[in-house]
Amino acid sequence: MPDYAIPLNNNLIHKTMKRLINIIVLSLILLPIALMAQDDKKKKTETVKIQTSAICEDCKARLEKDIAFEKGVRAVELDEETKIISITYKIGKNDKESLKKAITKIGYDADEMPADQKAHDKLPDCCQKGATPHK
Amino acid sequence: MFFLKIKVMRFLKILLAAVAAFSLNISTFAQKLSGTVFEITEEGEQPLPGVNIYWAGTTTGTASDVDGKYKIKKPADAHDLVFSFVGFESDTIHAPHNSNKYDHVMRGSKTLDEVSVVTRAKTNFVSRLSTVNAQTITSGELQKAACCNLSESFETSASVDVSYSDAVTGAKQIELLGLSGIYTQMMSENMPNLRGLATSFGLGYVPGSWMESIQVSKGASSVLNGYESISGQINVEYKKAEESEKFFMNLYQSHMGRSELNFNTKTKMNEHAHAMVMGHWSRNGSKHDDNGDGFLDDPLYTQYNLFARTDFRGKNFEGQFGVKGLMENRRGGQIGFDHDKPRDVDNGYGIELLTERIESFLKTGFIFSRPQTSVGIQQQFTYHHMDTYFGLTDYEGTQYSYYGNVLFQSYISSTKHTYTTGVSYLYDRYEEQLNDSIFNRTESVPGVFYQYTYSDGAKLNFIAGLRLDHHNEFGFFATPRLHLRYGFNEHNIVRLSAGKGYRSANILAENTSLLASSRQLVVRNAPKMEEAWNYGINFSKHIIVNDRELTIGLDIYRTDFINQVVIDRDADAQKVLIYNLDGTSYSNSIQLEANYELLKGLDVTAAVRFNDVQMTLNNELQEKPLVNKYKGLIALSYATNLRKWQFDLTTQFNGVSRLPSTASNPEAYRLDDYSPAYTIMNAQVTKFFRNWNVYLGAENLTNYKQENPILAANDPFGKYFDSSIVWGPISGIKVYAGLRYTIE
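Criteria and thresholds
Residue numbers here run from 1 along each chain, matching the order of that chain's written sequence. Labels follow written order: the first chain is A, the first ligand is 1, and so on. At least 70 in pLDDT is required for a residue's local features to be given in this predicted model, at least 80 for side-chain atom pairs to be given and counted, and no such filter applies to totals for whole chains, interfaces and linings, which use all residues. With hydrogens and water set aside, each side-chain value is computed from the structure's full complement of heavy atoms. Among the buried residues, those of types Ala, Val, Leu, Ile, Met, Phe, Trp, Tyr and Cys that are joined through side-chain atoms within 4.5 Å form a nonpolar core. Each residue's exposure class comes from its accessible area (1.4 Å probe, protein chains only) as a fraction of the maximum for that residue type: buried when under 20%, exposed when over 50%, partly exposed otherwise. Throughout, a residue-residue contact means that at least one pair of heavy atoms, one from each residue, lies within 4.5 Å. Note on conventions: DSSP H or I runs of at least 4 residues are helices, E runs of at least 2 residues are strands, and numbering of each starts at the N terminus. A helix's residues, less one, multiplied by 1.5 Å, set its expected span. Residues adjacent in sequence count toward polar contacts only when both atoms are side-chain atoms; beyond that, a polar contact is any pair of N or O atoms within 3.5 Å, and within protein one must be able to donate a hydrogen and the other to accept it. Patch membership needs two things, relative accessible area over 30% and no salt bridge, and members are linked within 9 Å if like-charged or within 5 Å if nonpolar (Val, Leu, Ile, Met, Phe, Trp, Tyr). For accessible areas, the Shrake-Rupley method is used with a probe of radius 1.4 Å. Any residue's cover is judged against the shown protein chains and nothing else. When a carboxyl oxygen of Asp or Glu is within 4 Å of a side-chain nitrogen of Lys or Arg, the pair counts as a salt bridge. For every residue, the pLDDT score states the predictor's confidence, bounded by 0 at the bottom and 100 at the top. By the convention used here, strands pair only if DSSP detects at least 2 bridges between them. Only the contacting stretch of a helix is used when fitting its axis, a line to C-alpha atoms as for every element, and angles between N-to-C directions run 0 to 180 degrees. Two aromatic rings, drawn from Phe, Tyr or Trp (for Trp, its six-membered ring), form a pair once their centres lie within 6.5 Å of each other, and the interplanar angle then sorts them: stacked below 30 degrees, edge-to-face above 60, tilted otherwise. By definition, being over a ring means that NZ of Lys or CZ of Arg is both within 6 Å of the ring centre and within 35 degrees of the ring normal.

Chemist: Can you walk me through the nonpolar core in this structure?
Modeler: Residues B:Leu150, B:Phe154, B:Ile214, B:Val216, B:Ile234 and B:Tyr395 are the most contacted members of the largest nonpolar core, which totals 60 residues. Non-local contacts of B:Tyr395, meaning those with residues more than four positions away in its chain, are made with B:Leu197, B:Met386, B:Asp387, B:Thr388, B:Glu432, B:Gln433, B:Leu434, B:Leu508, B:Ala509, B:Thr512 and B:Leu515. Residues A:Val48, A:Val73, A:Ile85 and A:Ala102 belong to the second largest nonpolar core, which totals 24 residues.

Chemist: Quick question: what am I supposed to make of helix 2 (residues 57-68) of chain A here?
Modeler: Residue and element names in this part refer to chain A. Between its first and last C-alpha, helix 2 extends 16 Å over 12 residues, near the 16 Å set by a 1.5 Å rise per residue. Those residues of helix 2 not exposed but buried are Cys-59, Lys-60, Leu-63, Glu-64, Asp-66, Ile-67 and Ala-68. Contact partners of the buried residues in helix 2: strand 2 (73-78), strand 3 (84-90) and helix 3 (96-106).

Chemist: Teacher, can you tell me more about helix 3 of chain A here?
Modeler: Helical geometry note: an α-helix holds 3.6 residues per turn, so side chains three or four residues apart project in the same direction. All names here are of chain A. Taken together, the buried positions of helix 3 are occupied by Leu-99, Lys-100, Ala-102, Ile-103, Thr-104 and Ile-106. The distance from a side-chain oxygen at the start of helix 3 to the backbone nitrogen of Glu-97 is 3.1 Å, and the residue carrying that oxygen is Asp-95. Within two residues after helix 3, Gly-107 carries a phi angle of roughly 120°, on the positive side.

Chemist: I tried to follow a nonpolar patch on the surface on my own but got confused; where do I start?
Modeler: Residues B:Val406, B:Val423, B:Val448, B:Leu468 and B:Phe476 make up a contiguous nonpolar surface patch of roughly 440 Å² in combined accessible area. In this structure, B:Val448 sits in strand 26 (residues 437-455).

Chemist: Explain the confidence of the model for chain B here, please?
Modeler: Residues and elements named next belong to chain B. With 90% of its residues at a pLDDT of at least 70, chain B reaches an overall mean of 88. Across residues 16-30 the pLDDT falls below 50, and counting only partners more than four positions away or on other chains, this stretch makes 11 contacts in the model. Segment residues 109-127 is flagged for pLDDT under 50; beyond a separation of four residues in sequence, or across chains, it makes 61 contacts in the model. On the interface metric, ipTM, the complex scores 0.70, and its pTM is 0.81.

Chemist: What is the right way to look at the sheet that holds strand 15 (residues 211-218) of chain B in this model?
Modeler: The strands making up a sheet are joined through hydrogen bonds of the backbone, oriented either antiparallel or parallel. All names here are of chain B. Read across the open sheet, the five strands follow the order 9-15-16-13-14; overall the sheet is mixed. The outermost strands of the open sheet, each flanked by one partner alone, are strand 9 (134-138) and strand 14 (191-192). Strand direction decides the pairing type here: strand 13 (residues 184-188) and strand 16 (residues 232-238), joined by five bridges, are parallel. Bridge pairing links Thr-184 to Gly-232 in strand 16.

Chemist: Whenever I open this one, the pattern of salt bridges confuses me. Can you help?
Modeler: Side chains that carry opposite charge are capable of pairing whenever their charged atoms lie near each other. Evaluated as defined, the whole model comprises 41 salt bridges over all chains. For A:Glu97, the salt bridge identified is with A:Lys100, shortest N-O distance 3.3 Å. Residue A:Glu97 and its partner A:Lys100 are located together in helix 3, separated by three residues, close to a single helical turn. The exposure class assigned to A:Lys100 is buried, which follows from its relative accessible area of 5%. Because the salt bridges share partners, they merge into one network encompassing B:Glu189, B:Glu237, B:Lys240, B:Arg309 and B:Lys363.

Chemist: Honestly, the sheet that holds strand 34 (residues 575-580) of chain B in this entry has me stumped. Any pointers?
Modeler: All names here are of chain B. Pairing in this open sheet of three strands is mixed, and the strands run 30-34-33 from one edge to the other. The open sheet has two edge strands, strand 30 (520-523) and strand 33 (565-568), and neither has a second partner. Strand-to-strand twist in this sheet, taken as the mean axis angle between neighbours without regard to direction, amounts to 15°. Pairing of strand 33 with strand 34, which is carried by four bridges, proceeds in the antiparallel orientation. Looking across to strand 34, one finds that Val-566 is bridged to Tyr-579.

Chemist: Teacher, can you tell me more about the confidence of the model for chain A here?
Modeler: Segments scoring low in pLDDT should not have their predicted coordinates read at a detailed level. Overall, the prediction assigns chain A a mean pLDDT of 77, with 71% of residues at 70 or greater. Contacts from residues 1-8 of chain A, a stretch scored under 50 in pLDDT, to residues over four places away or in other chains number five contacts.

Chemist: How do you make sense of the packing of aromatic side chains when you look at a structure like this?
Modeler: Think of a pair of aromatic rings as described by two things: how far the centres are apart, and how the planes are tilted against each other in angle. Residues and elements named next belong to chain B. For the structure on display, the rule yields 33 aromatic pairs over all chains. For the ring pair Tyr-70 and Phe-83, a centre distance of 5.8 Å and an interplane angle of 85° mean the geometry is edge-to-face. Highlighted residues: Tyr-70 in strand 5 (residues 69-74) and Phe-83 in strand 6 (residues 80-84), separated in sequence by 13 residues. In this structure, Tyr-70 and Phe-83 share a single accessibility class: buried. Between Tyr-704 and Trp-727, the ring centres sit 6.5 Å apart and the planes meet at 55°, which makes this aromatic pair tilted. One end of the pair, Tyr-704, is in the loop between strand 43 (692-699) and strand 44 (734-743); the other, Trp-727, is in the loop between strand 43 and strand 44, and 23 residues separate them in sequence. Across from the ring centre of Tyr-389, 3.8 Å away, lies the NZ or CZ of Arg-343, which sits over that ring. Sitting above the plane of the Tyr-586 ring, Arg-558 keeps its charged end 4.6 Å from the centroid.

Chemist: How should I be thinking about the environment of B:His470 in this particular structure?
Modeler: Residue and element names in this part refer to chain B. Relative to the assigned elements, His-470 resides in strand 27 (residues 460-471). Considered as a pair, His-470 and Pro-446 are 24 residues apart in the sequence and their alpha carbons are 5.8 Å apart. In this view, His-470 contacts Ser-444, Val-445, Pro-446, Gly-475 and Phe-476; residues no more than four positions away in its chain are not counted.

Okay, structure coming up:
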């Protein structure tokens, strides 16, 4: 091993960096465990069913992905036959009316609430109301 | 010993899964799947009667009725449903698990997709029906690590290894089947790319966020793309104008001082045409030397990269046009080196690389009314210029390159027998200068090819191809290639491949890393064309364990060189001898890979690979230097329900590799005979929001480094200086963070 003189400053910065990096690494490993535990907590949630005007698998994917990001939503599933969307959310964080509004904003009808026209027109052709159902 | 424990644990896990599979009671409850089949006509979508619908690997099925409707029993273990009709591309879809309804639209006649003049394929994994052993890395996979460019996109792949070629320039190379990256044909959008002068740094010219997917094929590939693939082929598919997001942006920053900015945006020009622009800027601005050898661990660099493309899709005509421009400057060497002062021993050892590159392509395709019949023309023009110095060695190179490929595709008697034939032309003009020596050469290679494909629609697929090329210097040569796929059923598939590959060596451009040393380059004889045979077999097995699918793959490949341009660093530690192979040179590679969703949301990939690569160096059959004898990989990916959080952890176990002999050096500059085995870990956390996501990660978590990667770093102008013997990471742990924003 060649004998270079290692400056003292470098060593100190190295140590602090090392400590900071250890903290980041630890959190990278602990965070998933913490979140996995959280996933199991199913109490204090409510599930609502809303009738939508979804048509094809594209619509299902779109709705499920967008609603997932609404506040407090824990689970989303759109039934392909009935086009009814089931949303499970944490009580207090959200409610049925706000979720219906969110669905209309994406461009679909939600129960009695009509779709936001602008959003509906932006949808791909297969998702527009009155289109023939296909993949 | 840790590795042995992993090996045993892994074996036990697989054994357990196999036992579980046998003791499972296969449910005999058969559901029914029904729906309607459509075709696209001038009036829009119309129901299509008479379509054959059957489960892949079986012969029983049904047909769509006069209204296009169908009903088929859904056996519990059925997966892939095939829709087939004369004149249309046979479609295979993954049967929906939770639904009994499925409507299908038949895609148009198989035309340009085959030659990928205009690729419509999305980021799907290659279907099990693919005859060639190819693995697809999708953009979803690419986002698991902050892969900023192509060289960083293989971290979760057990098949492709990426390593630094030297400790000074940042040049990277891949390794496939134990062979160096030059034996893998690099392509972008099915046209050869990143070759010639771009070989050493080309992986850094493809930004990660520009890519839609990467296909890695092992073994000899199709004759349609040329003769240059010996161990395999890597094809990069860029984002396409029609299918990509309206706007995308990515920002990246690492704690070591590397910053990146990417964006892409698209616009619809009219019903038939789309245009897109992709931009990239990256920079490493901070100097650091953590191993204290006086040299920068990572070179300083700035890169600008811009890509504009348009595509046009008409009724019988499709076209794509694109232009790419790149500018990069790169500086490295000793910390004290001053780039503005004249270069001499007092200033220290420095390197600089200035690169300019322009690429332009045009793909056009015409679809005839006869089903499965089309003609496609691919053209690409490349200009590459690099102005470099390594210490007191100057190297400048310019390359002009033109590639043209005309492909005609049709069928004989029935669509079971299809063929593709055509002509190609490859032109390269190299103008290189190394110190005072000038090397100019022109390569002009016209060629013809023919490929026949047979598919019985159920179990057997077979591709046989032959091409004949004429090289202006090396004369005529023939390239035969054969691929076979047999599906015992849809769960058990075997693939065979055999073929020849050729390439003409670019001694200087492919070995710039050797210029970052004091070794003298000695070319013993005029390099001939490199030539090799490659044979391989792949087994794929899919087993359902606990409702989820376990995928197991086994690859066994052998490459035999008939001629190779040997780069010999063993004969003399102060020289690099370059000569045509005199003896045997081969590579045996065996890889076992398994993938399974172990817990809900937790995807696990485990793989192990053994390499036995030997070549005749200095008249003795020896292990090829710097090739790991074995490699292990475990990749864990966990996504929470609704995929709001994603965690990725990848562990690589790298085995020992032989180092080039330094026995004749003075003791201070002698290396061990073998490099040690070591482990590398990378991890990343991603949080997803509606339109954007943020990520935080770390590479090389264990902070493992190759101590003193530069031989004689304290005497760079002396005769023992060598920065090209690199077997491990040069920098330690790297923490990074970034943000991606998307507007669909």
